[in-house]
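Take a look at the letters that make up each chain.
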Amino acid sequence: QVQLVESGGGSVHPGGSLRLSCAASVSISSFIVMSWHRQGPGKQRELVASIGNDGSVTYGDSVKGRFTISRDNAKNTMNLQMNSLKPEDTDVYYCRADRSVVSGYWGQGTQVTVSS
């Protein structure tokens, strides 16, 4: 059974930074893609950033230049460094890991709140 556990969420003022981590219960080298998504009340879950096991990355337009995704295969973790946070970044952030196009896993989510 694959478990993904997010950590690092919290409250921060606009312009601040947070670093999210996603720890996997298995070797993440088996996942072809890992990603961060976010969802707020009444909103659809949206892709924030993804990273392939070849190191290729993609970012949502709203976070480009502010967020950086990374993965550490040795520690079985994926991270999201979030800088220059804005109130509109307030959401629950979810970690996802995909072994294939039909096999994926979600974490339980971690709350990020940006307010003054």
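Throughout what follows, the structure given in this document is the object of discussion. (Residues numbered from 1 in each chain as written. Predicted model: local features only at pLDDT ≥ 70, side-chain atom pairs only at ≥ 80, totals over all residues. Heavy atoms only, no water.)

Right, let's talk about the pattern of salt bridges for a bit. Per the stated rule, a full pass over the model turns up seven salt bridges. For Asp91, the salt bridge identified is with Lys43, shortest N-O distance 3.2 Å. Highlighted residues: Asp91 in strand β9 (residues 91-100) and Lys43 in the loop between β4 (33-39) and β5 (46-52), separated in sequence by 48 residues. Salt bridges linked by common partners bring Arg38, Lys43, Glu46, Arg66, Asp89 and Asp91 together as one network. (Salt bridge = Lys/Arg side-chain N within 4 Å of Asp/Glu carboxyl O. Helix = DSSP H or I, 4+ residues; strand = E, 2+ residues; numbered from the N terminus.)

Below, the discussion takes up the state of the cysteines. On inspection of all chains with the given rule, the structure shows one disulfide. Disulfide pairing is shown between Cys22 and Cys95; the S-S distance is 1.9 Å. Between Cys22 and Cys95, the S-S dihedral sits near -65°, and the bridge is therefore left-handed. Note that Cys22 is positioned in strand β3 (residues 18-24) and Cys95 in strand β9, a separation of 73 residues in sequence. Neither Cys22 nor Cys95 differs from the other in exposure class; each is buried. (Disulfide = S-S within 2.5 Å. Buried < 20%, exposed > 50% of the residue type's maximum accessible area, 1.4 Å probe, protein only.)

As a further point, take the pairing of β5. Counting buried positions along β5 gives five out of seven residues, so the element sits mostly inside the fold. Bridge analysis of β4 against β5 gives six bridges, and the strand direction is antiparallel. Within the sheet, the bridge partner assigned to Trp36 lies in β5 and is Ala49. Hairpin connection of β4 to β5: six residues between the antiparallel strands, including Gly42 at a positive phi of 75°. (Pairing = 2+ DSSP bridges.)

Moving on, we come to unusual backbone geometry. The general pattern is negative phi for most residues beyond glycine and trans for most peptide bonds. Although it is not a glycine, Asn76 adopts a positive phi angle of roughly 55°. With respect to the helices, strands and loops of the structure, Asn76 is situated in the loop between β7 (67-72) and β8 (77-82). Phi angles above zero are rare outside glycine, and Ser84 is one such case at about 50°. Here Ser84 is to be found in the loop between β8 and β9.

Inspection of every chain in the model, using the stated rule, returns two aromatic pairs. An angle of 90° between the planes, with centres 6.4 Å apart, marks the rings of Tyr94 and Trp106 as edge-to-face. Note that Tyr94 is positioned in strand β9 and Trp106 in strand β10 (residues 103-106), a separation of 12 residues in sequence. The class of Tyr94 is buried, set by a relative accessible area of 14%. For Arg45, the ring lying beneath its charged end belongs to Tyr94, and the centroid distance is 3.7 Å. Directly above the aromatic system of Trp106 lies the positively charged group of Arg45, at a separation of 4.5 Å from the ring centroid. (Phe/Tyr/Trp six-rings, centres within 6.5 Å; stacked < 30°, edge-to-face > 60°. Lys NZ or Arg CZ within 6 Å of the ring centre and 35° of its normal.)

With that settled, consider the side chain of Asp91. Classification of Asp91 by relative accessible area gives buried; the value is 3%. Polar side-chain contacts of Asp91 include one of 2.8 Å to the backbone nitrogen of Gly40. Side chain to side chain, Asp91 and Lys43 meet in a polar contact 3.2 Å long. Not counting the four nearest positions on each side in its chain, Asp91 is found in contact with Arg38, Gln39, Gly40, Lys43, Thr110, Gln111 and Val112. (Polar contact = N/O pair within 3.5 Å; in protein donor to acceptor, adjacent residues only side chain to side chain. Contact = heavy atoms within 4.5 Å.)

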